[in-house]
Amino acid sequence: MNLPNLLTILRILLIPVFIDLLIYGYHGWALTVFVAAGLTDSLDGLIARLANQRTRLGTYLDPMADKLLLTASFLTLAILQIIPIWSAVIVVSRDLILILGALILHLTQTHQEISPTFLGKSTTAVQLIYVTMVLVVGTTQGSTVGLFPFLVATIGLTILSGLHYIYRGIRHLNSEQA
């Protein structure tokens, strides 16, 4: 087990702490834990590249940790009625559709290197920024209404990247069958 993978596991372990802090109204601490989780995401990738410590486990674990953190964030914030429930439904649905697509490719024995696209990475970054902004507003007891344009942009990018991944998967599946 190398340092980048340990940092990724730490990010996963921070998720229940983050959720508990949000549920009990400790928005400042929730923000601190969320930012720490985000920093481990940046740090694990940087260390893996610079120290040439990329592993097969890390290629699966890192995006899974991102999805778990963002899914937990959007669901918890929606359940607490801090963000609209429809936004969480869209974020979670996109990720479930992508997981289902990867499963279909696996079950049909279609060999495709599943790699994140620029659009997918941008979506993750924008979602992380949006959640951070919501948490910052939450620490000041302010309203998230002013963040609505950014929410719309975040959800638009989420949908666009989901459609792009579906298109790539279908195109690859059709080329394998031809």
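Draft legend 1. Region of the structure containing the packing of helix α3 (residues 56–79) against helix α5 (residues 118–139). In contact at an axis separation of 11 Å, α3 and α5 are set at 40° when each is read in the N-to-C sense. Overall, the two elements α3 and α5 adopt an arrangement that is oblique. When the axes of α3 and α5 are compared, the crossing they make is left-handed. Within the contact between the two elements, α3 uses Asp66, Lys67, Leu69, Leu70, Ser73, Phe74 and Leu77 and α5 uses Thr124, Gln127, Leu128, Tyr130, Val131, Val134 and Leu135. For the contact of α3 with α5, the class distribution of residues is nine nonpolar, three polar and two charged.

Draft legend 2. Just the side chain of Thr71, in detail. With respect to the helices and strands, Thr71 occurs in helix α3. Reaching out from Thr71, the side chain makes a polar contact with the backbone oxygen of Lys67 at a distance of 2.8 Å. In this structure, Thr71 is in contact with Val92 and Asp95, ignoring residues within four places of it in sequence.

Draft legend 3. How the structure looks around the nonpolar core. Phe74 and Leu135 are the most contacted members of the largest nonpolar core, which has 28 residues in total. Of all the secondary-structure elements, those providing two or more residues to this core are α1 (3–23), α2 (27–50), α3, α4 (85–107), α5 and α6 (148–177). If sequence neighbours within four positions are ignored, Phe74 has contacts with Ile83, Ser87, Ala88, Val91, Gln127, Tyr130 and Val131.

Draft legend 4. Region of the structure containing the environment of Asp95. With respect to the helices and strands, Asp95 occurs in helix α4. Spatially, the C-alpha atom of Asp95 lies 24 Å from that of Ser175, the residues being 80 residues apart in sequence. Dropping the residues within four chain positions of it, Asp95 is found in contact with Lys67 and Thr71.

Draft legend 5. Spatial organisation of the packing of aromatic side chains. Enumeration according to the criterion identifies four aromatic pairs in this entry. Each ring, one from Tyr130 and one from Phe150, has its centre 6.2 Å from the other, and the planes form 20°; the classification is stacked. Taken together, the positions of Tyr130 in helix α5 and Phe150 in helix α6 put the pair 20 residues apart, joining distant regions of the chain. Using a relative accessible area of 2% as the deciding quantity, one classes Tyr130 as buried. For Phe150, a relative accessible area of 27% translates into the label partly exposed. Counting every residue linked through ring pairs, the aromatic cluster contains Phe74, Tyr130 and Phe150.

Draft legend 6. Layout of a nonpolar patch on the surface. A cluster of nonpolar side chains, Ile23, Tyr24, Tyr26, Trp29 and Leu80, forms an exposed patch at the surface whose accessible area comes to about 600 Å². Along the polypeptide, Leu80 turns up in the loop between α3 and α4.

Parameters and conventions
- Residues numbered from 1 in each chain as written.
- Predicted model: local features only at pLDDT ≥ 70, side-chain atom pairs only at ≥ 80, totals over all residues.
- Heavy atoms only, no water.
- Axes fitted to C-alpha atoms, helices over the stretch in contact; angles between N-to-C directions.
- Helix = DSSP H or I, 4+ residues; strand = E, 2+ residues; numbered from the N terminus.
- Parallel < 35°, antiparallel > 145°, perpendicular 65-115°, else oblique.
- Left-handed = near helix turned anticlockwise from the far one by under 90°.
- Contact = heavy atoms within 4.5 Å.
- Nonpolar A, V, L, I, M, F, W, Y, C, P; charged D, E, K, R; others polar.
- Polar contact = N/O pair within 3.5 Å; in protein donor to acceptor, adjacent residues only side chain to side chain.
- Core = buried A, V, L, I, M, F, W, Y, C linked by side-chain atoms within 4.5 Å.
- Buried < 20%, exposed > 50% of the residue type's maximum accessible area, 1.4 Å probe, protein only.
- Phe/Tyr/Trp six-rings, centres within 6.5 Å; stacked < 30°, edge-to-face > 60°.
- Patch = residues over 30% accessible without salt bridge, like charges linked within 9 Å, V, L, I, M, F, W, Y side chains within 5 Å.
- Areas by Shrake-Rupley, 256 points an atom, 1.4 Å probe, with all protein chains shown as cover.
- Salt bridge = Lys/Arg side-chain N within 4 Å of Asp/Glu carboxyl O.

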